[in-house]
Amino acid sequence: MELKCQIQTYDWGKIGTESKVASLYKIANPEFEIGNDTPYAELWMGTHTNGPSENKLTGESLSSVLNSHPEYLGEPVREKFDNQLPFLFKLLSINKALSIQAHPAKQHAELLHREQPNIYKDPNHKPELAIALTPFEALCGFRPINEIQNFVKNVRELRAIIGTDTAERFLTTEDGAGTKEILKECFKNMMTCSQDQITEQLKQMLQKFSFFDEEKRNSQLAPLVERLYSQFPNDVGCFAVYFLNYLKLKPLEALYLGPNEPHAYLYGECVECMACSDNVVRAGLTPKYKDVETLCFMLTYDCQPAELKIFKPTVEDKYCEIFKPPVPDFAVAKIMIPHGEDYYQLPIRNSASILFIVGGSAKYNSIKLKNGSVFFVTANEKIVIENVTQDLLMFQAMANL
Ligand SMILES: [Zn+2]
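None of these values were measured; they are calculated from a predicted model. (Residues numbered from 1 in each chain as written. Predicted model: local features only at pLDDT ≥ 70, side-chain atom pairs only at ≥ 80, totals over all residues. Heavy atoms only, no water.)

K.L.:
I would appreciate a short explanation of the packing of helix α5 (residues 145-154) against helix α7 (residues 164-171) in the present structure.
P.N.:
Angle between the axes and distance between the axes are the two parameters that describe a pair of packed helices. Look at α5 against α7: their axes get within 10 Å of each other, and the N-to-C directions meet at 140 degrees. Between α5 and α7, the angle is such that the two are oblique. α7 is crossed by α5, and the crossing has left-handed handedness. From α5, I145, I148, Q149, V152 and K153 reach across to α7, where they touch A167, F170 and L171. By residue class, the composition of the contact of α5 with α7 is six nonpolar, one polar and one charged. (Axes fitted to C-alpha atoms, helices over the stretch in contact; angles between N-to-C directions. Helix = DSSP H or I, 4+ residues; strand = E, 2+ residues; numbered from the N terminus. Parallel < 35°, antiparallel > 145°, perpendicular 65-115°, else oblique. Left-handed = near helix turned anticlockwise from the far one by under 90°. Contact = heavy atoms within 4.5 Å. Nonpolar A, V, L, I, M, F, W, Y, C, P; charged D, E, K, R; others polar.)

K.L.:
When you look at the UniProt feature "domain: Phosphomannose isomerase type I C-terminal" (unreviewed entry) in the protein chain in this model, what are you seeing that I'm missing?
P.N.:
Here the UniProt-annotated "domain: Phosphomannose isomerase type I C-terminal" (unreviewed entry) positions come out as residues 321-362. Annotated as 0% helix and 55% strand, the span residues 321-362 places its first and last C-alpha atoms 19 Å apart. (UniProt positions renumbered as here; feature names shortened; annotations may be inferred.)

K.L.:
What is the right way to read the nonpolar core from this model?
P.N.:
Side chains that are nonpolar tend, in soluble globular proteins, to be buried together. Among the nonpolar cores identified, the biggest contains 55 residues, and F142, L158, F187, M190, F239, Y242 and F243 are the most heavily contacted of them. For this core, the element with the highest residue contribution is helix α8 (residues 179-191), accounting for six residues. Viewed by domain, this core spans two of them, domain 1 (3-72 + 82-140 + 248-285) and domain 2 (144-242), each represented by three or more residues. Core analysis: the next-biggest nonpolar cluster, separate from the first, contains 42 residues, F32, L62, V77 and I131 among them. (Core = buried A, V, L, I, M, F, W, Y, C linked by side-chain atoms within 4.5 Å. Buried < 20%, exposed > 50% of the residue type's maximum accessible area, 1.4 Å probe, protein only. Domains from an automatic or database assignment.)

K.L.:
What exactly am I supposed to notice about the domain arrangement of the protein chain here?
P.N.:
Buried accessible area, meaning the area lost when the parts come together, often serves as the stated size of an interface. Per the domain assignment, the segments of the protein chain are domain 1 (3-72 + 82-140 + 248-285), domain 2 (144-242) and domain 3 (314-398). Computed over C-alpha atoms only, the centres of domain 1 and domain 3 are separated by 20 Å. On the side of domain 3, 27 residues touch domain 1, which itself brings 30 residues to the contact. Carbon and sulfur atoms supply 82% of the area that domain 1 and domain 3 bury against each other, a total of about 2500 Å² over both sides. Ranking the residues of domain 1 by area buried against domain 3 places Y72, F87 and L252 at the top, with a combined share of 22%. Linking domain 1 to domain 3 there are zero salt bridges. The tally of links between domain 1 and domain 3 comes to three residue pairs in polar contact (both at pLDDT 80 or more). Going through the elements one at a time, α1 (20-28), β5 (42-45), α2 (62-68), β7 (87-94), β9 (128-132), β12 (254-257) and β13 (263-275) are the ones with two or more residues in the side of domain 1 that touches domain 3. (Buried area = accessible area lost by both parts, 1.4 Å probe. Salt bridge = Lys/Arg side-chain N within 4 Å of Asp/Glu carboxyl O. Polar contact = N/O pair within 3.5 Å; in protein donor to acceptor, adjacent residues only side chain to side chain.)

K.L.:
Before we go on, may I ask you to explain the coordination of the zinc ion in this structure?
P.N.:
Distances from the zinc ion to its protein donors, Q101 (OE1), H103 (NE2), E128 (OE), E128 (OE) and H263 (NE2), fall within 2.1 to 2.6 Å. Read N to C, the donor residues that coordinate the zinc ion are spaced as Q-x1-H-x24-E-x134-H. Of this pair, H103 sits in the loop between β8 (100-102) and α4 (106-115) while H263 sits in strand β13, and the two are 160 residues apart along the sequence. Exposure remark for H263: the relative accessible area of 2% places this residue in the buried category. (Donors = N, O, S within 2.8 Å, 3.2 Å for Na, K, Ca; no water.)

Structure, rendered in structure tokens:
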């Protein structure tokens, strides 16, 4: 079943034809007119009520199709997820940083939803997997403690907003017992620092950067801070780069974000899969509601080097690798079939899946596959790709059972 999916025009999206969301959508839906000034941020593939996909031929919503035919989901999914598709699949085109955020674990999400249902709208967790399509930048997880200590030592303005006393104790802490507590105190002091102080220290810091030479600028992450400042002037999130790993993913490298892991996507394009939820605890780089208290409380304060954040797939066969995060809600297969291949059968899945064609040219059931097209595949369905005339790249999201 080919799906017609919905686009979200959030302001951080890439503009007009620059956006892969718009340009791929246009290939699959030629009647679509790309607006020159519109930010095309996300394409949503799934049954989420804020952007439900529908059967392209009949216009019936996918959730209505699944209500009439729950057997399409597959037995394990029906049992585990109460006859619902458990994941939401997306394409993202990011021009401007998304907020610094973390997502609660399942139990914590249930509590937040019970206590503040107007902010935390569902009781579900929201693990996320992002696979880069273009060079992709993100902040993710706490840096190794010695890196953070170096910044605290060398960046006077950072020390000022943490507070000299706390900063001093942090700098004399050996990596080991008690590190997490003092790191948490530093991070919390920063996040709860008064806006006047943040504004003043950022002003001084940017002025200082303008006198630095190239090497010193890079050692204090000046280009990154300046870029974030231009997007979110006076935002405390500009200081967060000194706490969080700055990652640059190459195309087809992936990032998995489990519960309570602080992160912010900064730039680039990716496919993203997540559990069906909207629970985001935000703390910076955003005009939206910030729940600093909850965020500082929930983070794990685990420190790890950036390279350990890259999430590796396992090989399924010669054309297919699968990213299987440690949650039952979803997995994503990356399928690359070289041109010249005449017959390739995808691994059969015990779960319903969504197949998203990103590049290349081939046939499926004698239909010519278009870039940007999206298919719903029922559980245990046999899919054969034929006549690959240009290297084919596609992604398949499914439950992980
Ligand atoms: Zn997130």
